[in-house]
Each structure stands twice: as C-alpha cells, then as structure tokens.
Amino acid sequence: MTARPSDLTARNFPSAALDAQQAAQPTGRYAGPESSYRLAFTDTDFLLREELRPVRMQLELLKPEMVQQELGIESTIVIFGSARIPSPEQAEERLQAARASGDATALRRAETAQQMSRYYDEARRFARLVTERSKALATPITVCTGGGPGIMEAGNRGAWEVGGQSLGLNIVLPHEQAPNPYITPELCFQFHYFALRKMHFVMRSVALVCFPGGFGTLDELFETLTLIQTGKSRRRPVLLFGRDFWEKLIDLQHLVDTGMISPDDVHLFQYVESAEEAWHKLAEHYAFEARGDAEGAFADEI
C-alpha cells in the first residue's frame, strides 16, 4: 500500500493541549487538595512550588521571546521614565483643583507636576517619531515601555496614535499596576521576575531613552550603562531627556574625580531636550540617512 503524505507526518501521540482538554477531572477519593491526580503541566499548585522556580523562570523568558519572534519584533527602543509624570491634561486638572482647595502644599506640588508634564509630551512625540520614521527601515523599530502610566503610557500612546504597535513589559507589584490602554494587546506581557523583565528590555533594544524618573528608572539606566561599560552588552545610544534634571540628580564629575568611573564613561550617554533631537542622535549613530534606509523619512515633522 502506498503511504499518503499525511500518514508520514501525522502525530504518533496526542498533543499536550488535547490531553489537557480531555483529561478527566478528579472525582470522589481523588478530588481533594492532597490528590496528585492532575496533569503536571495543568497543576498550578505544583507549578508554583519553590522547587519549580527554574521552570517558571524559563517560561517567563520563553513566552515573550516566542511571541516577539512570531510577530517579527527584531529591534526596539526602550523608553523609561516616571510613572508619576502626568499628561498635560491631567496636570492642568490637578492644578485647578489645588488652586480651588487653597492648600499651599498641594498647589506647589501641582505646579511642579505641570512643569514635569512637558516630558510626557516629549515621550509621546518621540514614540510617534520612532514609529513613523522607522517604517522606512529594513528593520522597523518598535517602542517598548514598562507598560504602566506616566512616561510609559506616553511612549505607548505615541506609537498607537500613528497606527504602530508597541510593547509593554508590566510586572506584578503589591500596589496593582494595570497596563496602560495603548499597548498592542499581543505585545502586552506581565512578569513576576524583575530579572527576566530586565533581560527582555535589553535583548532587542537599539537604544535606551530615559526621561526623568525615580528608583526604577535609575535602576534600569545604571544597569544598562554597567552592561555597556563592562562590555557585556554592545554599545548603543543612551539618551537622557532633560540635562538640568539629570545634572542636579547625579554628580558624575564627582565619580570621575574620586576615580569611581573612568573619564570616558561620561560619554556612554548623551543629553537631549526634544523628540527631534533624540531621533537625530539615533539617525546619526546608525547612519540611517547615509545608508538610505530612511530616505524621505525626515521630511515632515509631527
């Protein structure tokens, strides 16, 4: 008998998905919590055991990696910054409420928030620039954020506004951080392990762009700078929005003067003040114009 092609490639065993669907639910004597009568890969209690941590870490590495491969995500630009920086609209509402309250402390904070809200606008415009102008590249660049509010929301929002996709790498926190509404659903991930989340931030990134932020932003900034400084990661643009903010926050010259870092280490990053300046730094570093990859992409400002 001649074998049909389908016979040569047919499964010899049922798939795990099929068995999981057909597996009988424990009944009677085997329905209690002490029973082991469940498929190992559908048994949440088993998967959450301390001894299974290596398996969970592997799953958290694999899931975003496989999804990004399937969706063709090869290059990203990571946008970091404070979750507490409001949009200009939110800042104005808070300012009006503070003025009406007569609370001097609340008014002072609201005025500061309004000043900082300009960074929300810059992050939003920068994400739009990256999404629109990289369409002409052989490998388009996808915006990636931490998935939360503030600057992260601005990054995802900018990409969404011009019809682009973007990533959000959220993480479970004691105070719930819901993903902002502008992330591409297929590219909205949730992490348990900070370390695995950090790996995914840098694995595909062609640049790190940091807006003013707190501990989380500083953590990601210095980790990336350390990877580049030590040669564990290839050198790529690290752009800090707002020279005045960063120079007040970090005395890098003191680190040089005390021998904690090399004088050349201060060149591992650059300051920028606008979305357009940040994009041109990237274009210069990667020679987009010289290679002709983005021909015509610089013609229109948003």
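Residues numbered from 1 in each chain as written. Predicted model: local features only at pLDDT ≥ 70, side-chain atom pairs only at ≥ 80, totals over all residues. Heavy atoms only, no water.

As recorded by an unreviewed UniProt entry, the protein carries the name AMP nucleosidase and is attributed to Ideonella alba. UniProt, in the comment section headed Catalytic activity (unreviewed entry), describes the protein in these words: "AMP + H2O = D-ribose 5-phosphate + adenine". (UniProt positions renumbered as here; feature names shortened; annotations may be inferred.)

Enquirer: Go over the pattern of salt bridges with me, naming the residues and quoting the values.
Expert: Under the counting rule described, the total for this entry stands at twelve salt bridges. Between E122 and R125 there is a salt bridge, with its nearest N and O atoms 3.1 Å apart. Taken as a pair, E122 and R125 lie in helix α6 (residues 104–133) at a separation of three residues, close to a single helical turn. For E122, a relative accessible area of 15% corresponds to the buried category. The network of salt bridges with common partners includes E122, R125 and E276. (Salt bridge = Lys/Arg side-chain N within 4 Å of Asp/Glu carboxyl O. Helix = DSSP H or I, 4+ residues; strand = E, 2+ residues; numbered from the N terminus. Buried < 20%, exposed > 50% of the residue type's maximum accessible area, 1.4 Å probe, protein only.)

Enquirer: Describe a negative patch on the surface, and please don't skip the residues or the numbers.
Expert: A grouping of E89, E92, E93 and D121 is seen on the molecular surface, where their side chains present a negatively charged patch. If one sorts the elements of the negative patch by residue count, helix α5 (residues 88–101) sits on top with three residues. You can see E93 is positioned in helix α5. The exposed category is assigned to E93, whose relative accessible area is 60%. (Patch = residues over 30% accessible without salt bridge, like charges linked within 9 Å, V, L, I, M, F, W, Y side chains within 5 Å. Areas by Shrake-Rupley, 256 points an atom, 1.4 Å probe, with all protein chains shown as cover. Lys, Arg positive; Asp, Glu negative; His and termini not counted. Charge placed at Lys NZ, Arg CZ, Asp CG, Glu CD.)

Enquirer: For the sheet that holds strand β2 (residues 141–145), give the residues involved together with the corresponding values.
Expert: Read from one edge of the open sheet, seven strands run β4-β3-β2-β1-β5-β6-β7, paired in parallel fashion. The open sheet has two edge strands, β4 (188–191) and β7 (270–272), and neither has a second partner. Neighbour-to-neighbour, the strand axes of this sheet turn through a mean angle of 25°, independent of strand direction. As defined by bridge partners, strand β1 (residues 75–80) adjoins β2 across four bridges and the pair is classed as parallel. Note that in β2 the partner of T76 across the bridge is T142. Sheet contacts for α6: β1, β2, β5 (205–210) and β6 (238–241); angle to β1, the most-contacted strand, approximately 175°. Across the sheet, helix α8 (residues 194–203) lies against β1, β2, β3 (166–171), β4 and β5, angled at about 165° from β3, the strand it touches most. (Pairing = 2+ DSSP bridges. Axes fitted to C-alpha atoms, helices over the stretch in contact; angles between N-to-C directions. Contact = heavy atoms within 4.5 Å.)

Enquirer: An account of unusual backbone geometry is needed here, citing residue identities and associated values.
Expert: For A287, which is not glycine, the phi dihedral falls at a positive 50°. Mapped onto the elements, A287 comes out in the loop between α12 (275–286) and α13 (288–291).

Enquirer: Provide a residue-level description of the pairing of β6, including the pertinent values.
Expert: Both faces of β6 are covered, namely the face carrying V238 and L240 and the face carrying L239 and F241. Across three bridges, β5 lies against β6 in parallel orientation. By the bridge assignment, L208 is partnered in β6 with V238. Traced from β5 through helix α9 (residues 215–229) to β6, the parallel crossover comes out right-handed. Strand direction decides the pairing type here: β6 and β7, joined by three bridges, are parallel. Within β7, the residue paired with L240 across the bridge is Y271. (Right-handed = clockwise from strand over helix to strand, strands pointing away.)

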